[in-house]
Amino acid sequence: MIKKILVLIFAIISIPLFSQTATCDGTLPFEEQNGLLTIEMESGNLPSGTNWQTGNEPDPNLSGSTINYIYWDGNESFNALTGAPITYNIKINNPGTYRLAWRGRIGTGNSGGEHNDAWLRIVADDFYATKQSSSTSTQAVEPKPDCNSNPNRDCPVGSSVGGYFKAFMNRHPINLPPEQRWGFVTNTNDGNSFRFIWATFNTAGNYSVIVDARSSFFFMDKMVLRRTDVSDSTAFNLSNPESSCSSALSVNDVNKRETKIYPNPTMGKIEISNIPINSRLTISNISGAIIRTINTKSSSEIIDISDLESGLYFISNSDKNNYFVKKIIKI
């Protein structure tokens, strides 16, 4: 009896110390293992009351399998976000630079240049694209507005808004055989495609990939993040299972996760990342008066403080397990 009690006590004590896996329900983070992360797009939490839809069809590249995909059937949004983003929370265990590509196809029409894209943003320490396959290529672009203040990066030709790339593919929906219409093709930069999209994660912890609709009837099957030491052939293997979801962070992970604010000082918008989901942020002035509160919906938020006077402010949160206070300098 004493042995059973000791085992039970040890199990209870151990619960918060180890990461556990659970069913992926769109809110728990998908967990990277060995430099690879595979996410089925329909596993995200599609915003209710919007034009996001799901569909399926036989997989022409994997006999006996079915492709389950998502798509947008509302108005197209070429120059702005729709306001109906899908946030995929992810947990990076092995820091480094990762390439993102999603598998998709053009779902309607007879053109290889229409119904072929979506808005993409990765909340990471760096998010950019290269024309060459090397993540260290000096010929690189990053989304607007960050590219406007980075002398080492160009801005994309064509659309880019609020930290999002226009991410597109160009496999013809009719002129190609069915087995070639689906593919891991994710380009950005109109007219001079940059085929390799990268995200750098400097520390282990929670991040997010955000997808918003741009074209209607662009079918998206899955997306893959693979570290630079993992080959595309390994990462894009259609037999790879979906990554599991982590139901809890280990104590070490919690200690490693650092809330970041960028840019700071700022003249207007700031991005605050690595924050708890479904908590409340509070901005106060130097006298302690509360200026604004923000309810978080993802692990990253963009906050516009352009209407505040120049000076020193503080931002804090209500999550007792990850409480923080950060300074913000408004210039």
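Structure: above.
Let us look at the structure shown here. (Residues numbered from 1 in each chain as written. Predicted model: local features only at pLDDT ≥ 70, side-chain atom pairs only at ≥ 80, totals over all residues. Heavy atoms only, no water.)

With that settled, consider the state of the cysteines. Counted by the stated rule, this structure contains 1 disulfide. Paired by a disulfide, Cys147 and Cys155 hold their sulfur atoms 2.0 Å apart. The S-S bond linking Cys147 to Cys155 shows a torsion near 100 degrees; that makes this disulfide right-handed. Owing to a relative accessible area of 4%, Cys147 belongs among the buried residues under this scheme. (Disulfide = S-S within 2.5 Å. Buried < 20%, exposed > 50% of the residue type's maximum accessible area, 1.4 Å probe, protein only.)

Next up on the list: the side chain of Thr200. Following the sequence through the fold, Thr200 ends up in strand β14 (residues 196-201). Under the relative-accessibility criterion, Thr200 is labelled buried at 13%. With residues near it in sequence (within four places) discarded, Thr200 still touches Gly96, Thr97, Ala124, Asp125, Asp126 and Tyr128. (Helix = DSSP H or I, 4+ residues; strand = E, 2+ residues; numbered from the N terminus. Contact = heavy atoms within 4.5 Å.)

This part is about the pairing of strand β12 (residues 164-168). For β12, the buried fraction is high: 5 of the 5 residues fall into the buried class. Remark: 2 residues form the turn of the hairpin made by strand β11 (residues 160-161) and β12, two consecutive strands paired antiparallel; Gly162 in that turn has positive phi of roughly 55 degrees. (Pairing = 2+ DSSP bridges.)

Among the nonpolar cores identified, the biggest contains 39 residues, and Tyr88, Trp102 and Ile122 are the most heavily contacted of them. The contacts of Tyr88, once residues within four sequence positions are left out, are Phe30, Ile39, Glu40, Met41, Gly44, Ile70, Tyr207, Ser208, Val209, Val211 and Met223. Counting residues in each nonpolar core, the second largest holds 14 residues, with Ile270, Leu281, Ile294 and Phe324 among its members. (Core = buried A, V, L, I, M, F, W, Y, C linked by side-chain atoms within 4.5 Å.)

The strand order across the open sheet formed by 3 strands is β18-β19-β22, and the pairing between neighbours is antiparallel. This sheet does not close on itself; its edge strands, each paired only once, are β18 (260-262) and β22 (300-304). Shown here is a sheet whose adjacent strand axes are inclined to one another by a mean of 20 degrees, direction ignored. In the sheet, β18 pairs with strand β19 (residues 269-273) via 3 bridges, with the strands oriented antiparallel. Residue pairing across strands places Tyr262 opposite Glu271, the latter belonging to β19. (Axes fitted to C-alpha atoms, helices over the stretch in contact; angles between N-to-C directions.)

The next thing to look at is the packing of aromatic side chains. All told, the structure shown has 12 aromatic pairs when counted by the stated rule. Seen from their ring centres, Tyr69 and Trp182 are 6.0 Å apart, and the 50 degrees between their planes marks the pair as tilted. Here Trp182 lies in the loop between α2 (178-181) and β13 (183-184) and Tyr69 lies in strand β5 (residues 66-72), a separation of 113 residues in the sequence. Summarising the burial analysis for this pair, Tyr69 and Trp182 share the class buried. Each ring, one from Tyr98 and one from Phe201, has its centre 5.6 Å from the other, and the planes form 70 degrees; the classification is edge-to-face. In this pair, Tyr98 sits in strand β7 (residues 96-106) while Phe201 sits in strand β14, placing the two residues 103 residues apart along the sequence. Each member of the pair, Tyr98 as well as Phe201, carries the same accessibility label: buried. Taken together, the ring pairs connect Tyr69, Tyr71, Trp182, Phe217 and Phe219 into an aromatic cluster. Here Lys166 stacks its cationic end above the ring of Phe168, 5.4 Å away from the centre of that ring. The lysine or arginine in question, Arg214, covers the ring of Trp119, its NZ or CZ lying 5.1 Å from the ring centre. (Phe/Tyr/Trp six-rings, centres within 6.5 Å; stacked < 30°, edge-to-face > 60°. Lys NZ or Arg CZ within 6 Å of the ring centre and 35° of its normal.)

We now examine the environment of Asp117. Secondary-structure assignment places Asp117 in strand β8 (residues 117-123). Accessibility expressed as a relative area gives 3% for Asp117, which makes it buried. Between the alpha carbons of Asp117 and Gly104 there is a distance of 9.2 Å; along the sequence they are 13 residues apart. Sequence-distant contacts of Asp117, defined by excluding residues within four places in its chain, comprise Lys166, Ala167, Phe168, Arg214, Ser215 and Phe218. One polar contact links Asp117 to Arg214, side chain to side chain, over a distance of 2.8 Å. A distance of 2.5 Å separates the side chain of Asp117 from the side chain of Ser215, its partner in a polar contact. (Polar contact = N/O pair within 3.5 Å; in protein donor to acceptor, adjacent residues only side chain to side chain.)

Turning to the pairing of strand β15 (residues 205-213), a few remarks are in order. Most of β15 is tucked away: 9 of the 9 residues are buried. Alignment of strand β6 (residues 86-92) against β15, held across 7 bridges, turns out to be antiparallel. Along β15, the bridge assignment pairs Thr87 with Ile210.

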